[in-house]
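# Report on the structure
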Amino acid sequence: MNYAVMIAVMLCGQVAVAQELPRPITDADFAPINMDEARLGQLLFYDPILSGNQEVACATCHHPAFGTSDGLSLGIGDGGIGLGTQRVADPENMPEQRIPRNAPALFNLGANEFTRLFHDGRIEVDLDRPGGIRTPLDADMAAGFASLLSAQTMFPVLSGDEMAGHYSENEVAKAVRRGVLTGPGGAWDIISRRVAGFPEYADAFVATYDHIDTPDQIGFTDISNAVAAFMEFEWRSDTSPFDAVLRGGGTLPEPAATGMALFYGEAGCASCHAGPFLTDHGFHPMGSPQIGPGKAARFESHARDEGRFRVTGDPTDLYAFRTPSLRNVALTGPYGHAGAYADLRAFVIAHLDPVAALNNYDLTLARLPELPVDDLRESPDAIAAVAQSAGPKMSEDQVTALLAFLDSLTDPAAQAGRLGVPEAVPSGLSIPNPR
């Protein structure tokens, strides 16, 4: 079936060239959901039991109140107090640094076409690899994932800055320090045994998975699979005003209609933000400013983040980052791989002339919790040398229209979530929630 939708709009008294809109999203874009698995995953997603010090949950950095992110340019995981824009460093457990990259939104990440995840795509579907997934851990990566999204959840629990805690603080962090991740006594096994120790969790795993008969059989891949099932169900997003247009059942008001014409016409946004999920899943050096600690190895002292190059080693991938989906983009700021812009209008304007934006960047444009670190250590010159402009110059009115179209991508059902935030979790630990 051909789902192409054609539009012709009036711009400045002239009929613009008709542009093709993407097909609508359908159930075929997603795997079926086991609701028992999703409900189990909901509890695990909001439970700090998965973190080394049992203080940070997945929801700490990916909360629906902040568009499934955390509302910060660069967040604080372990060593933080509070949630979202109110999160600050804990003076009794100061973090070593900020989390190096902006917390990405979770909308539609369970869709079949998402075959690369993280800003640099460092985990991706690769049918030539054992288990069909390529990750930085290679042979150390456990098998048994139901999806790429499930594999993604394995990594934050190993990061000292995100969930594991620092090396001497707890058994999970100590196992990570020794490089013992898989097998008995490994970091993932320690977390699994914690979870299995609560009867409500143990009973739920036995009831949900045919291969689990006793609590000692619960593995971290099972935990990951449940969390992924929850995310896939909770934040599927395809009921925005834009989706009504794609299904032929609605129109956008002005100036959003003009903004849609710009997006799919002269502004050229759809060249990268293509398809039903508004991403080409590619990697582009768009010149977003580098702030924060960057992605240096522990033996390196720089604060660069070289993006996809760190994965491929290909010089053409220097400072290239994955094209984000624009679904619910109005909710998911700050913007850029390092969250350099808290405001969407400022980000769009910078996107149109990245070299000028790099040369004039001011850290007050970000949203950063107070921390005694240098957030502008790196010169922008190397980024500017490869930066690509996102489109032609636009007037203030055109930017306003484009932003109105981006607002039409907001999906109230996905924004609220479907299962919502649980009232309590089996561990009895505190659920991350805004004040």
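Reference entry: report on the structure contained in this document. (Residues numbered from 1 in each chain as written. Predicted model: local features only at pLDDT ≥ 70, side-chain atom pairs only at ≥ 80, totals over all residues. Heavy atoms only, no water.)

### Quick notes on the packing of aromatic side chains
Per the counting criterion, the structure on display carries 17 aromatic pairs. Centre to centre, the rings of Phe45 and Trp235 are 5.4 Å apart; their planes meet at 55°, and the pair counts as tilted. Here the residue Phe45 occupies a position in helix H1 (residues 35-45), and Trp235 occupies one in the loop between helix H8 (220-234) and helix H9 (241-246), the gap between them amounting to 190 residues. The burial state of Phe45 is the same as that of Trp235; both residues are buried. Three or more aromatic residues joined by ring pairs make a cluster, and in this case those are Phe45, Tyr46, Phe230 and Trp235. (Phe/Tyr/Trp six-rings, centres within 6.5 Å; stacked < 30°, edge-to-face > 60°. Helix = DSSP H or I, 4+ residues; strand = E, 2+ residues; numbered from the N terminus. Buried < 20%, exposed > 50% of the residue type's maximum accessible area, 1.4 Å probe, protein only.)

### Focus: the sheet that holds strand E9 (residues 133-134)
What the three strands build is an open sheet, ordered E7-E8-E9; its pairing is antiparallel. Two strands lie at the open edges of the sheet, namely strand E7 (116-117) and E9, each paired on one side alone. Sheet topology places E7 next to strand E8 (residues 123-125); two bridges connect them, and they run antiparallel. Paired with Arg116 across the strands is Glu124, a residue of E8. (Pairing = 2+ DSSP bridges.)

### Looking at the nonpolar core
Formed by 59 residues in total, the largest nonpolar core has its most connected members in Leu44, Phe45, Leu50, Phe205 and Ile223. Put simply, the parts of the chain that give this core at least two residues each are H1, helix H2 (58-61), helix H3 (148-152), helix H4 (160-164), helix H5 (171-178), helix H6 (187-196), helix H7 (199-208) and H8. Broken down by element, this core gets its largest block of residues, seven residues, from H8. Among residues more than four places away in sequence, those in contact with Phe45 are Ala57, Cys58, Ala59, His62, Leu106, Val227, Phe230, Met231 and Trp235. If you look at the next biggest cluster of nonpolar residues, it comprises 39 residues, including Leu326, Tyr335, Ala340 and Phe347. (Core = buried A, V, L, I, M, F, W, Y, C linked by side-chain atoms within 4.5 Å. Contact = heavy atoms within 4.5 Å.)

### Here's the deal with the pattern of salt bridges
Pairing between side chains of opposite charge can happen when the charged atoms of each approach one another. Tallied over the full model, the rule gives 19 salt bridges. With a closest N to O distance of 2.9 Å, Asp120 and Arg101 form a salt bridge. Here Asp120, found in the loop between E7 and E8, pairs with Arg101, found in the loop between strand E6 (88-89) and E7; they are 19 residues apart in sequence, far enough to count as distant. Classification of Arg101 as buried rests on a relative accessible area of 7%. Asp189 is the partner of Arg193 in a salt bridge, and the nearest nitrogen-oxygen pair spans 2.8 Å. One end of the pair, Arg193, and the other, Asp189, are both in helix H6, four residues apart, so they sit about a helical turn from each other. One continuous salt-bridge network, built from bridges that share partners, spans Asp27, Arg236, Asp238 and Arg247. (Salt bridge = Lys/Arg side-chain N within 4 Å of Asp/Glu carboxyl O.)

### Notes on the side chain of Asp411
With respect to the helices and strands, Asp411 occurs in the loop between helix H15 (396-407) and helix H16 (412-416). Side-chain polar atoms of Asp411 contact the side chain of Ser237, separated by 3.2 Å. Among the polar contacts made by the side chain of Asp411, one reaches the main-chain amide nitrogen of Asp238 at a distance of 3.0 Å. (Polar contact = N/O pair within 3.5 Å; in protein donor to acceptor, adjacent residues only side chain to side chain.)

### Description of the environment of Arg322
Inspection of the secondary structure puts Arg322 in strand E11 (residues 321-322). On a C-alpha basis, the gap between Arg322 and His281 in space is 6.2 Å, while along the polypeptide they are 41 residues apart. Polar side-chain contacts of Arg322 include one of 3.0 Å to the backbone oxygen of Phe118.

### Thoughts on the packing of helix H10 (residues 256-263) against H15
At a closest axis distance of 7 Å, the pairing of H10 and H15 adopts a crossing angle of 95°. Between H10 and H15, the angle is such that the two are roughly perpendicular. Of the residues in H15, those in contact with Ala256, Thr258, Gly259, Met260, Leu262 and Phe263 of H10 are Gln398, Ala401, Leu402, Ala404, Phe405 and Leu406. Per-class residue counts for the contact of H10 with H15 are nine nonpolar, three polar and no charged. (Axes fitted to C-alpha atoms, helices over the stretch in contact; angles between N-to-C directions. Parallel < 35°, antiparallel > 145°, perpendicular 65-115°, else oblique. Nonpolar A, V, L, I, M, F, W, Y, C, P; charged D, E, K, R; others polar.)

### Some details on the environment of Ala270
Along the chain, Ala270 turns up in the loop between H10 and strand E10 (283-284). With near-sequence residues (within four places) excluded, Ala270 lies in contact with Phe263 and Tyr264.

### Focus on unusual backbone geometry
Following Glu254, the chain continues to Pro255 via a peptide bond in cis, the omega torsion being 5°. Within the secondary structure, Pro255 is located in the loop between H9 and H10. Pro334 follows Gly333 through a cis peptide bond whose omega is 0°. Of note in this structure, Phe118 is not a glycine but carries a positive phi near 75°.

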